[in-house]
Amino acid sequence: MKAHELRGLTTTELEARLKDERSALQNLSFSKAVNGQLENPARLKSHRREIARLQTIINEQRSAE
């Protein structure tokens, strides 16, 4: 999702998406450790960026309150 789309969500929705992204990243990292390779290694980078994007927007919303 784009940042401007995420800004329309509530903090609880953002935190739920953050939890999902972290679990997806953990699963990918585990698969990489077990199998030694991934089908699409760029997915790791995209999940890390999405986590950072979500954390930034959550912090922006909390500081605005």
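All figures in this text were calculated on a predicted structure; none of them were measured in a lab. Counting from 1, residues in each chain are numbered in the order their sequence is written. Local features are withheld for residues below a pLDDT of 70 in this predicted model, meaning they are given only at 70 or higher, and side-chain atom pairs are given and counted only at 80 or more; totals for whole chains, interfaces and linings count all residues. Working from all heavy atoms in the structure, the side-chain values ignore hydrogens and water.

Description of the side chain of Glu50
Okay, so step 1: Locating Glu50 in the fold gives a position in helix α3 (residues 42-64).
Okay, so step 2: Every residue pair with non-hydrogen atoms within 4.5 Å of one another is taken to be in contact. Residues within four places of Glu50 in sequence aside, it is in contact with Met1, Leu6, Arg17 and Glu21. Where helices and strands are cited, they refer to DSSP runs of H or I of at least four residues and of E of at least two residues respectively, numbered from the N terminus.

Quick word on the environment of Leu54
Okay, so step 1: In this structure, Leu54 sits in helix α3.
Okay, so step 2: Spatially, the C-alpha atoms of Leu54 and Leu14 are 6.6 Å apart, while their sequence positions differ by 40 residues.
Okay, so step 3: In this structure Leu54 touches Leu6, Leu14, Arg17, Leu18 and Glu21, once residues within four positions along its chain are discounted.

Some points on the pattern of salt bridges
Okay, so step 1: Criterion for a salt bridge: a side-chain nitrogen of Lys or Arg within 4 Å of a carboxyl oxygen of Asp or Glu. This model, assessed by the stated rule, comprises four salt bridges.
Okay, so step 2: Between Arg53 and Glu50 there is a salt bridge; the shortest N-O distance is 2.7 Å. Taken as a pair, Arg53 and Glu50 lie in helix α3 at a separation of three residues, close to a single helical turn.
Okay, so step 3: Note on Arg53: relative accessible area 31%, which makes it partly exposed.
Okay, so step 4: Under the scheme applied here, a residue whose accessible area is under 20% of the maximum for its type counts as buried, over 50% as exposed, and between as partly exposed, the area being computed with a 1.4 Å probe on protein chains only. Given the relative accessible area of 7%, Glu50 is considered buried.
Okay, so step 5: Each of Arg17, Glu50 and Arg53 takes part in salt bridges that share partners, so that together they form one network.

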